[in-house]
Amino acid sequence: MNGKYLEKAEILCVGTELLIGDIVNTNAAYLSRRLAALGIGVYRQAVVGDNPERLRADLSAALERVDLVVMSGGLGPTMDDLTKETAADLFGRRMRLHAPSLTHIEEYFRAAGREMTDNNKKQAMMPEGAVVFPNDYGTAPALALESGEGKVVVMLPGPPRELEPLFREQVEPYLMKRCSAVMVSRNLHIVGMGESAVEAAIPREILDAANPTVAPYCATGEVRLRVTARAASEREALALCDETVSKLRRLPIDRYIYGIDVPNPETALVDALRAGGMSVVTAESCTGGLIAKRLTDVAGCSDAVAGSAVTYQTREKERILGVPSSLIEEHGVVSEAVVAAMAKGALSRFDAELAIATTGYAGPGGGTEQEPVGTVYVAIADRDGAEVTRLSLSSRRDRAYIREVAANHALVLALSFLRKKL
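Some points on the nonpolar core
So, step 1. In this structure, Leu269, Leu273, Leu295, Ile356 and Val376 are the most contacted members of the largest nonpolar core, which totals 38 residues.
So, step 2. Only helix H10 (265-275), helix H11 (290-296), strand E15 (354-360), strand E16 (375-382) and helix H15 (399-421) provide two or more residues apiece to this core.
So, step 3. The element best represented in this core is H15, accounting for eleven residues.
So, step 4. Excluding residues within four positions of it along the chain, Leu295 makes contact with Glu266, Leu269, Val270, Val280, Thr282, Cys301, Val305 and Leu411.
So, step 5. If you look at the next biggest cluster of nonpolar residues, it comprises 26 residues, including Leu18, Leu35, Ala144 and Val171.

In structure tokens, the structure reads:
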């Protein structure tokens, strides 16, 4: 390989099926993450159909801008699979039969008990001078071409079940020889503050720093604050990240951070429950079992989740959870008093140490002038008492959004409650 370092990349995904929406393009997101970890910045992502003229134009333009182009798709056996041929023509290389690839393809079909058609031999044709990466997960090998100026094009098969292990196991080691640095990210997960409020709470000297960089990203019901550092080694980059994370945790936003590098609040809560040898029960009205669903989506949750009661109708709150009818008549079903009674009732009926309860107006109907749509009460309780939080979620949002955000808040409130007890 040429000694020039690879610093800038573009991703070019090939396939008309991507353009018309038949297939969701997950490859671009995967490749962006892996390239970032190698310290290679991704400057553009593009999708082009199975058209050799447009493919050549896009690839040529990308190579004018960056050092590395990573392509996916178009390596199959059919006439419209033209990625290799187009790249070879652009590089001025002839196509040659790569005997080891042909043997591999023949063995693949033999092992599968299928007859190999002649057009599959096309997948064993490679541009002269290509670096070939054998495909143990399918028939089409991956490959890389390098120009005399040190420009590199990597071509990968389209199916993610082939692309991902091929890139991880073979292409990454190939690219690492040309990487001058690595990039590492830490993610702070925040609930209870909006993206703009998070950014406004961070001093400019942290936000404007070039290394590490700090950037907020908005997701449904939470904000992710990503800290990314570039250094010669992973250890050095991680140390830079951790230094900035420590600065951020000394700011007022710290009270809204429910975890660092955790996939979601339910995983963080299940992990905390298991660490404390405890279990949780949910008593849900407006969230309709969503909190229980998210908790039970976590692998290994069986010893941390006792059960759930979805009591949507008022009479079921009375019958199943034992909420007094007099309490509902006095305060209304969407109230601090009722949600606390729901949580306590759940604890009395399940063998659990912690309870999460919700009641509210998810819309589009319901609500009052005092308690409009988007009002949700969340109670977190143990045997010693309950803490209730009133959420005022936007009534302009749809029902699914209000329920999702309410569930997020409930899980984070439960995690905060639990951490104070442990």
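Anyway, onward from the coordinates.
Some details on the sheet that holds strand E9 (residues 182-190)
So, step 1. Judged by pairing direction, the sheet is antiparallel, and its four strands sit side by side in the order E10-E11-E9-E12 without closing on themselves. Pairing within the sheet leaves two strands with one partner each, and these edge strands are strand E10 (213-219) and strand E12 (257-260). When strand polarity is set aside, the average angle formed by the axes of neighbouring strands in this sheet is 25°.
So, step 2. As paired strands, E9 and E12 are joined by three bridges and run antiparallel to one another. Residue His189 lies in a different strand from E12, and its bridge partner there is Gly259.

Things to note about the packing of aromatic side chains
What characterises a pair of aromatic rings is the spacing of the ring centres plus the angle enclosed by the ring planes.
So, step 1. Tallied over the entire structure, the rule returns two aromatic pairs.
So, step 2. Here the aromatic rings of Tyr108 and Phe109 are separated by 6.0 Å at their centres, their planes lie at 80°, and the arrangement is edge-to-face.
So, step 3. When the ring centre of Tyr43 is taken as origin, the NZ or CZ atom of Lys8, which lies over that ring, is 5.7 Å away.

Here's the deal with the sheet that holds strand E2 (residues 41-48)
Adjacent strands of a sheet form backbone hydrogen bonds with each other and so pair up, either parallel or antiparallel.
So, step 1. Strand order across the open sheet formed by six strands is E2-E1-E3-E8-E7-E6, with mixed pairing between neighbours. With one partner strand each, in any of the chains shown, E2 and strand E6 (131-133) form the two edges of the open sheet. Each adjacent strand pair in this sheet contributes to an overall mean axis angle of 15°, direction not counted.
So, step 2. Bridge analysis of strand E3 (residues 68-72) against strand E8 (residues 152-156) gives five bridges, and the strand direction is parallel. Within E8, the residue paired with Met71 across the bridge is Met155.
So, step 3. Across the sheet, helix H6 (residues 160-176) is in contact with E3, E6, strand E7 (142-146) and E8; its angle to E8 comes to roughly 160°.

Quick look at the pairing of strand E17 (residues 385-392)
So, step 1. Pairing analysis gives eight bridges linking E16 to E17, with the strands arranged antiparallel. When the sheet's bridge partners are listed, Thr375 is paired in E17 with Ser392.
So, step 2. Linking two consecutive strands that pair antiparallel, namely E16 and E17, is a turn of two residues.

Here's the deal with the pairing of E10
So, step 1. For E10 and strand E11 (residues 222-231), the ladder comprises seven bridges, and the chain directions are antiparallel. Bridge pairing links Thr213 to Thr228 in E11.
So, step 2. Adjacent in sequence and paired antiparallel, E10 and E11 are bridged by two residues, among which Gly221 carries a positive phi angle near 85°.

Re helix H3 (residues 52-65)
So, step 1. With 14 residues, H3 extends 20 Å from end C-alpha to end C-alpha; this agrees with the ideal 20 Å at 1.5 Å per step.
So, step 2. Here H3 starts with a cap whose side-chain oxygen sits 3.1 Å from the backbone nitrogen of Glu53, and that cap is Asn51.

With respect to the environment of Ala283
So, step 1. Along the chain, Ala283 falls in strand E13 (residues 280-284).
So, step 2. Apart from the residues within four sequence positions on either side, Ala283 is in contact with Ala309, Leu321, Met342, Ala346, Ile356, Ala357 and Thr358.

Looking at the pattern of salt bridges
So, step 1. Under the defined criterion, the tally for this structure stands at 21 salt bridges.
So, step 2. Between Arg249 and Asp254 there is a salt bridge, with the nearest N and O atoms lying 2.5 Å from each other.
So, step 3. A relative accessible area of 25% means that Asp254 is categorised as partly exposed.
So, step 4. Salt-bridge contacts for Glu387 lead to Lys420; the nearest nitrogen and oxygen are separated by 3.4 Å.

A few points about the packing of H3 against helix H4 (residues 83-91)
So, step 1. Across the interface, H3 lies against H4 with an axial gap of 10 Å and an inter-helix angle of 55°. The angle between H3 and H4 falls in the class oblique. Crossing of H3 against H4: the hand is right-handed. Residues Pro52, Leu55, Arg56, Leu59, Ser60 and Leu63 of H3 touch H4, and the partners they reach there are Thr83, Thr86, Ala87, Asp89, Leu90 and Phe91.
So, step 2. Here the contact of H3 with H4 is built from residues that sort into seven nonpolar, three polar and two charged.

Focus on the side chain of Asn408
So, step 1. Looking at the secondary structure, you find Asn408 in helix H15.
So, step 2. Classification of Asn408 by relative accessible area gives buried; the value is 3%.

Describing helix H5 (residues 99-112)
So, step 1. An ideal rise of 1.5 Å per residue puts 20 Å on 14 residues; H5 measures up with 20 Å between its terminal C-alpha atoms.
So, step 2. Here H5 has its buried residues at Ser101, Leu102, Ile105 and Phe109. Seen end-on, H5 carries its buried residues on one side only, within an arc spanning 100°. Relative to its buried face, H5 has exposed residues pointing more than 90 degrees away, namely Pro100, Arg110 and Ala111.
So, step 3. Residues of H5 that are buried sit in contact with strand E4 (95-97), strand E5 (125-127) and E6.
So, step 4. Once H5 ends, the next one or two residues include Gly113, with phi positive near 70°.

Thresholds, definitions, all that
- Residues numbered from 1 in each chain as written.
- Predicted model: local features only at pLDDT ≥ 70, side-chain atom pairs only at ≥ 80, totals over all residues.
- Heavy atoms only, no water.
- Core = buried A, V, L, I, M, F, W, Y, C linked by side-chain atoms within 4.5 Å.
- Buried < 20%, exposed > 50% of the residue type's maximum accessible area, 1.4 Å probe, protein only.
- Helix = DSSP H or I, 4+ residues; strand = E, 2+ residues; numbered from the N terminus.
- Contact = heavy atoms within 4.5 Å.
- Pairing = 2+ DSSP bridges.
- Axes fitted to C-alpha atoms, helices over the stretch in contact; angles between N-to-C directions.
- Phe/Tyr/Trp six-rings, centres within 6.5 Å; stacked < 30°, edge-to-face > 60°.
- Lys NZ or Arg CZ within 6 Å of the ring centre and 35° of its normal.
- Expected span 1.5 Å × (residues − 1).
- Polar contact = N/O pair within 3.5 Å; in protein donor to acceptor, adjacent residues only side chain to side chain.
- Salt bridge = Lys/Arg side-chain N within 4 Å of Asp/Glu carboxyl O.
- Parallel < 35°, antiparallel > 145°, perpendicular 65-115°, else oblique.
- Left-handed = near helix turned anticlockwise from the far one by under 90°.
- Nonpolar A, V, L, I, M, F, W, Y, C, P; charged D, E, K, R; others polar.
- Arc of directions from axis to C-beta.

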